[in-house]
Amino acid sequence: MLLLACKCFLWFAAYSVAGWIWEVILFCFTEKKVINRGFLNGPICPIYGAGALAMWGLFGVWANFKNVFVLFFLGGLLACVMEYIISYALEKMFHTRWWDYTRNRFNINGRVCLLGFTAFGVFSVLIVRIVQPFVIWVTDMIPEPVIYSAAIVLFVTFGVDFIVTICQLCKLNEKLRELQVAMDQKIYGSEAMRKLENAVTPRLNRFAKAFPRMHSTVYDGALQKILEKIRSANSKSKESENQDVDASHGEEALTHKK
């Protein structure tokens, strides 16, 4: 039983990392940027790991569906239900909407959308019919001591990352609350508030890049103020990089002419 639990956790970790890679690649194509798209600090998206195991357990082991279309529909439906619940839970915990699909057609409250349903449906078919059987075959060849050791190391690593991230978000929410109070009381421009803003900005920077549509359900005025500052700084940085590149090309052209 312990061996099976360790294997399941390794599968969870593998799918979580694969999901993070998928998110990074997708964001790279849509936004032309390489960004850590994970909610945690490390290269992991736990929702993908949990979803993959749920799909395999329900549709590959318990029900063992053979029909590809049934797998596609139920897999997409299960993933959307999980995504909706997680979006709602995170919003209640941290007063923040991390992703928002209201710009996408056929969405439900901006938490899930048809495009996601389709992608997860395809993933469900691939995982149940092709990927997970191969993953099981690979892990069955790994010696038990290695499985136990890897599971313990990854569990501790992910656990520490989870705790650190939660602490960061709790502190960030507290700072945003102070900023929001200052804005409501019309004292936002004070020196103390500027220092507070400068303290919040680095903490929020990674989340702003990973979730460009994030917004707060309680402190959105303060949050958007900081996000605006971050985007402005990133825009200036990008313009500076472009100018450096243009200058470099100009120097190369001048050298070539000589």
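Novice: Is there a simple way to explain the overall build of the protein in this structure?
Specialist: The helix and strand inventory of the protein stands at seven helices and four strands. When the helices and strands of the protein are placed in sequence order, the string is α-α-α-β-β-β-α-α-α-β-α. Residue burial in the protein is summarised as follows: out of 258 residues, 37% are buried. Taking contacts inside the protein between residues at least 6 apart in sequence as the whole, the part at least 24 apart equals 69%. When the accessible surface of the protein is split by element, carbon and sulfur atoms take 67% of a total near 15,400 Å².

Novice: Can you walk me through the packing of helix α2 (residues 46-62) against helix α3 (residues 68-94) in this structure?
Specialist: Axes are the key here: two packed helices are described by the angle between their axes and the distance separating the axes. Look at α2 against α3: their axes get within 10 Å of each other, and the N-to-C directions meet at 140 degrees. As the angle between them shows, α2 and α3 are arranged oblique. Pair α2 / α3 crosses with right-handed handedness. For the pair α2 and α3, contact is made by Ile47, Ala50, Gly51, Ala54, Met55, Leu58 and Phe59 and by Leu71, Leu74, Gly75, Leu78, Ala79, Met82, Glu83 and Ile86, respectively. Considering only residue class, the contact of α2 with α3 consists of twelve nonpolar, two polar and one charged.

Novice: Can you walk me through the confidence of the model for the protein in this structure?
Specialist: Detailed reading of the predicted coordinates is not advisable wherever pLDDT falls low. The share of residues in the protein with pLDDT of 70 or more is 88%, and the mean pLDDT across the chain is 84. Taken element by element, the predicted model of the protein shows its lowest mean pLDDT in helix α7 (residues 220-257) (65) and its highest in strand β3 (residues 112-113) (94).

Novice: Looking at this structure, I do not really get the packing of aromatic side chains. What am I missing?
Specialist: Evaluated as defined, the whole model comprises 14 aromatic pairs. Judged by centre distance (5.2 Å) and plane angle (90 degrees), the rings of Trp22 and Phe123 are edge-to-face. Taken together, the residues Trp22 in helix α1 (residues 2-31) and Phe123 in helix α4 (residues 114-140) connect sequence positions 101 residues apart. Take Trp22: its relative accessible area is 34%, and that puts it in the partly exposed class.

Novice: In this structure, what is going on with the environment of Ala54? I would like to understand it.
Specialist: Summarising the element assignment, Ala54 is placed in helix α2. Residue classification places Ala54 among the partly exposed positions, given a relative accessible area of 21%. Expressed as a C-alpha distance, the spacing of Ala54 and Ser124, which sit 70 residues apart in the sequence, is 9.8 Å. In contact with Ala54, other than residues within four places in its own chain, are Phe59, Leu78 and Met82.

What counts and what doesn't
Residues numbered from 1 in each chain as written. Predicted model: local features only at pLDDT ≥ 70, side-chain atom pairs only at ≥ 80, totals over all residues. Heavy atoms only, no water. Helix = DSSP H or I, 4+ residues; strand = E, 2+ residues; numbered from the N terminus. Buried < 20%, exposed > 50% of the residue type's maximum accessible area, 1.4 Å probe, protein only. Contact = heavy atoms within 4.5 Å. Areas by Shrake-Rupley, 256 points an atom, 1.4 Å probe, with all protein chains shown as cover. Axes fitted to C-alpha atoms, helices over the stretch in contact; angles between N-to-C directions. Parallel < 35°, antiparallel > 145°, perpendicular 65-115°, else oblique. Left-handed = near helix turned anticlockwise from the far one by under 90°. Nonpolar A, V, L, I, M, F, W, Y, C, P; charged D, E, K, R; others polar. pLDDT = per-residue confidence, 0-100. Phe/Tyr/Trp six-rings, centres within 6.5 Å; stacked < 30°, edge-to-face > 60°.

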